[in-house]
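Notes for the structure review
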Amino acid sequence: MKLNFALRGLAKSALAAAAILCTGLCYSAGPAAAQAATEVSKYIIGPGDQLQISVWHNPELSTAAPVRPDGRISTPLVTDVVAAGRTPEELGHDIEARLKKYVSDPLVTVIVASFVGPYSQQVRIVGEAAQPKALPYLAHMTVLDAMIASGGLTPFASGNRAKLIRKVNGKDVTTTLRLSDLLKEGDLSANAELQPGDTIIIPQSFF
């Protein structure tokens, strides 16, 4: 009997210690999780994004909707809603307000299934890239990331004469990139972080 009481006492002590530890972890992890959620909610929808619109308990009103070049989408019962320039949360609230004419207390979730983002949040690669394209900017994206996504250089590219054009205080600032050194020689000192709105221009080599 004494042994049982002792074991129970130890168990209670262990649970109490675990509770204290958990409380500390929850407090430290909570703000980080909240910050991550805030960063996700700040995503701005742009033309070309693919959205998944879900209306709770109303599957007939749920749909996949591409954002048209004019920045609008159309869903069942709600047509020509401006999506570009808004967060998924803002768009969801707007659709909810419009659906209240037809549905009692609608709950709408907007998920960005595939994204391009607004032009100001894109990185463009033009010229002698294997696949010139506009990419959605991702946090900590580098020149190497952009070149991998665009398939690297063509055989005619003059990689070390490439230019990075960036808006700084409303003015275009141009810097030289050494893409050949980066991609062919593996010289990581030629890598650089990108910013939203950057443009990489790759000229053709002289023969």
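Only a predicted model underlies this, so the values are computations on that prediction, with no experimental measurement involved. (Residues numbered from 1 in each chain as written. Predicted model: local features only at pLDDT ≥ 70, side-chain atom pairs only at ≥ 80, totals over all residues. Heavy atoms only, no water.)

1. Considerations on the confidence of the model for the protein
Note the cut-off: pLDDT measures how confident the predictor is about each residue, on a scale from 0 to 100. By definition in these notes, contact holds between two residues if any of their heavy atoms fall within 4.5 Å.
Scored by pLDDT, the protein has a mean of 83; 80% of the residues are at 70 or more. Segment residues 1-41: pLDDT under 50, and three contacts once partners within four positions in sequence are set aside and those in other chains are kept.

2. Digging into the nonpolar core
What counts is decided by this rule: In this text, buried Ala, Val, Leu, Ile, Met, Phe, Trp, Tyr and Cys residues form a nonpolar core when linked through side-chain atoms within 4.5 Å. Think of it in three bands: with a 1.4 Å probe and only protein chains considered, a residue is buried below 20% of the maximum accessible area for its type, exposed above 50%, and partly exposed in between. For the purposes of this entry, the term helix denotes a DSSP run of H or I that reaches at least four residues, the term strand denotes a run of E that reaches at least two, and both are numbered from the N terminus.
Ranked by internal contacts, the top residues of the largest apolar core, which has 19 residues, are I125, V143, L179, L194, I200 and I202. Where this core is concerned, the elements lending two or more residues are β6 (122-127), α3 (143-149), β8 (162-168), α4 (179-184) and β10 (199-202). Broken down by element, the residue count for this core peaks at three residues, all from α3. Not counting chain neighbours up to four residues away, the residues in contact with L179 comprise V143, M147, L153, G159, N160, A162, K184, I200 and I202. Listed in part, the 17 residues of the second largest apolar core include I53, I73, V78 and V81.

3. A closer look at the pairing of strand β9 (residues 171-177)
As a reminder of what qualifies: Two strands make a pair as long as DSSP finds a minimum of two bridges between them.
Note: β8 against β9, seven bridges, orientation antiparallel. Residue pairing in the sheet places A162 in a bridge with L177 of β9. Linking two consecutive strands that pair antiparallel, namely β8 and β9, is a turn of two residues; a positive phi of about 55 degrees is found at N169 within it.

4. Brief notes about helix α2 (residues 88-99)
Note the cut-off: In a helix, the anticipated span is given by 1.5 Å times the number of residues less one.
Along its twelve residues, α2 runs 16 Å from first to last C-alpha, staying within 8% of the 16 Å computed at 1.5 Å per residue. Along α2, the residues that are buried comprise P88, L91, G92, D94, I95, E96 and L99.

5. Concerning the sheet that holds β9
Test applied: In this analysis an axis means a line fitted to C-alpha atoms, helices contributing only their contacting stretch, and an angle means the value between N-to-C directions, from 0 to 180 degrees.
With mixed pairing, five strands are arranged side by side in an open sheet as β7-β6-β10-β8-β9. Strands at the two margins of the open sheet, each flanked by one partner only, are β7 (133-136) and β9. Each neighbouring strand pair of the sheet contributes to a mean axis angle of 20 degrees, computed without reference to strand direction. Sheet topology places β8 next to β10; three bridges connect them, and they run antiparallel. Within the sheet, the bridge partner assigned to I165 lies in β10 and is T199.

6. Brief notes about the packing of aromatic side chains
The condition is simple: Planes of paired rings set the category: under 30 degrees apart is stacked, over 60 is edge-to-face and the rest tilted, where pairs are Phe, Tyr or Trp rings (Trp by its six-membered ring) whose centres lie within 6.5 Å.
Overall, the coordinates contain one aromatic pair when judged by the stated rule. With a centroid separation of 5.7 Å and 70 degrees between ring planes, the pair formed by Y43 and F115 is classed as edge-to-face. Here the residue Y43 occupies a position in the loop between α1 (2-41) and β1 (50-55), and F115 occupies one in the loop between β5 (108-114) and β6, the gap between them amounting to 72 residues. For Y43, a relative accessible area of 23% corresponds to the partly exposed category. Accessibility expressed as a relative area gives 37% for F115, which makes it partly exposed.

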